[in-house]
Amino acid sequence: MPFSNSSELSPSFILASLPGLEAAQSWMAIPLCSAYVLAVLANGAVLLVVRAEPSLHAPMYFFLCMLAAIDLAMATATVPRILCFYWFGSREISFAACLLQMFLIHALSAVESTVLLAMAVDRYVAICHPLRHAAVLTNGATAKIGLLAVARGVLFFLPLPLLLLPLPFCGSRVLSHSFCLHQDVMNLACANTMPSVVYGLTAILLVMGLDAVLICLSYLLILKAVLRLAAWRERLKVFSTCIAHICVVLAFYVPLIGLSVVHRFGKDLAPLVHIIMGNIYILVPAVLNPIIYGVRTKQIQRRILSLI
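Residues numbered from 1 in each chain as written. Predicted model: local features only at pLDDT ≥ 70, side-chain atom pairs only at ≥ 80, totals over all residues. Heavy atoms only, no water.

Asker: I would appreciate a short explanation of the UniProt feature "transmembrane region" (unreviewed entry) in the protein in the present structure.
Answerer: Under the present numbering, the feature "transmembrane region" (unreviewed entry) in UniProt falls on residues 27–49, 61–88, 94–121, 142–165, 197–222, 243–266 and 272–295. Helix makes up 100% of residues 27–49 and strand 0%, and the two end C-alpha atoms of the span are 34 Å apart. A helix fraction of 100% and a strand fraction of 0% characterise residues 272–295, whose end C-alpha atoms lie 33 Å from each other. (UniProt positions renumbered as here; feature names shortened; annotations may be inferred. Helix = DSSP H or I, 4+ residues; strand = E, 2+ residues; numbered from the N terminus.)

As structure tokens, this is what we get:
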């Protein structure tokens, strides 16, 4: 969609609509809204339960609270704006709002990746060095890890909107998703975007890429320690404490990798694929994480049932 040259000084973008389904978007928004409400209720319940239950005041559950807060922030930064578009036809998003949303999405993803790495280290210490677990992962250390995760996300991904800020946007302003992503906005610039490309790729590799490698390394060490146990029942019992975290890691990294593959190699795919992958990336971790830990953690189950 071409824009006049006067809009280059204060550009705005057009959110992607469901191709061929524009007339039914208000109905299509109902499942999206339901998933958002479920994510808010489930993650809010986790935060309330951990706060109200003294027996859950431990590093593992504090990390779970961090995940819940991140998922709430991620969903709230994107889904209400998408629903405004689907229900009220508000497709246009200002340049400043787009950059802010883009920064929040990437920074929160980096924070979540760091917390998942910290949870993997927590499982490694608990299984491989159980006598040192209480001394290494104290509540104070957990709080410092949370602050470090936030600082890491902000410092690595704040330059992304700053690199896009001076670029001109003189052609099409239609995005590939119903929200703003760095790769999507960057591709619409009519100037040299190589610095933004290089920095964006470097930040992804140094944060999410490095975290994924370290998480895999942690589980290799855990698996090595588990296999040393003589009885199969002991092996299964010990490794079962990692099942919930493994599921949460997959719920985060699989949509992330899928969205990256679609952006890199899916230029010929239907626009609907981009929109669906984007919505999965935003909502799947927020919905699944509290459900996974709610199913796997008996203390959380009992407390939620008592609240109900």
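Asker: So what exactly am I meant to see when it comes to the environment of Ser 90 here?
Answerer: Within the secondary structure, Ser 90 is located in the loop between helix H2 (59–88) and strand E2 (92–94). With a relative accessible area of 32%, Ser 90 lands in the partly exposed category. Distance from Ser 90 to Pro 80, taken between C-alpha atoms, is 12 Å for residues ten residues apart in sequence. Setting aside residues no more than four positions away along its own chain, Ser 90 makes contact with Leu 15, Arg 81, Cys 84 and Phe 85. (Buried < 20%, exposed > 50% of the residue type's maximum accessible area, 1.4 Å probe, protein only. Contact = heavy atoms within 4.5 Å.)

Asker: Explain the pattern of salt bridges to me, please; I cannot follow it from the model alone.
Answerer: When their charged atoms lie close together, side chains carrying opposite charge are able to pair. Tallied over the full model, the rule gives two salt bridges. With a closest N to O distance of 3.1 Å, Arg 123 and Asp 122 form a salt bridge. As far as the burial class goes, Arg 123 and Asp 122 line up, both buried. Across the pair Arg 152 and Asp 211 runs a salt bridge whose closest N-O atoms are separated by 2.8 Å. Highlighted residues: Arg 152 in helix H5 (residues 139–157) and Asp 211 in helix H8 (residues 194–227), separated in sequence by 59 residues. Each member of the pair, Arg 152 as well as Asp 211, is classed as buried. (Salt bridge = Lys/Arg side-chain N within 4 Å of Asp/Glu carboxyl O.)

Asker: Would you mind going over the state of the cysteines with me for this structure?
Answerer: Cysteine pairs can be covalently joined through their sulfur atoms, and such a bond is termed a disulfide. Considering all chains together, one arrives at two disulfides under this definition. Bridging Cys 98 to Cys 180, the disulfide has an S-S length of 2.0 Å. Measuring the twist about the S-S bond at about -120°, one finds the Cys 98-Cys 180 disulfide to be left-handed. Of this pair, Cys 98 sits in helix H3 (residues 95–128) while Cys 180 sits in the loop between helix H6 (159–164) and helix H7 (182–186), placing them 82 residues apart in sequence. Take Cys 98 and Cys 180: they sit in the same class, and that class is buried. Between Cys 170 and Cys 190 runs a disulfide, and the two sulfur atoms are separated by 2.1 Å. (Disulfide = S-S within 2.5 Å.)

Asker: Mind showing me how you'd approach the confidence of the model for the protein here?
Answerer: Do not read the fine detail of predicted coordinates wherever pLDDT is low. With 94% of its residues at a pLDDT of 70 or more, the protein has an overall mean of 87. Considering each helix and strand of the protein separately, the mean pLDDT is smallest for helix H12 (residues 298–307), with a value of 75, and largest for H5, with 95. Confidence drops under pLDDT 50 across residues 1–9; counting only partners more than four residues distant or on other chains, this segment forms 14 contacts. (pLDDT = per-residue confidence, 0-100.)

Asker: What am I meant to see in a nonpolar patch on the surface here?
Answerer: A surface patch of nonpolar side chains, amounting to about 410 Å² of accessible area, comprises Val 150, Val 154, Leu 158, Leu 162 and Leu 165. With respect to the element layout, Leu 165 can be found in the loop between H6 and H7. Since its relative accessible area comes to 49%, Leu 165 is described here as partly exposed. (Patch = residues over 30% accessible without salt bridge, like charges linked within 9 Å, V, L, I, M, F, W, Y side chains within 5 Å. Areas by Shrake-Rupley, 256 points an atom, 1.4 Å probe, with all protein chains shown as cover.)

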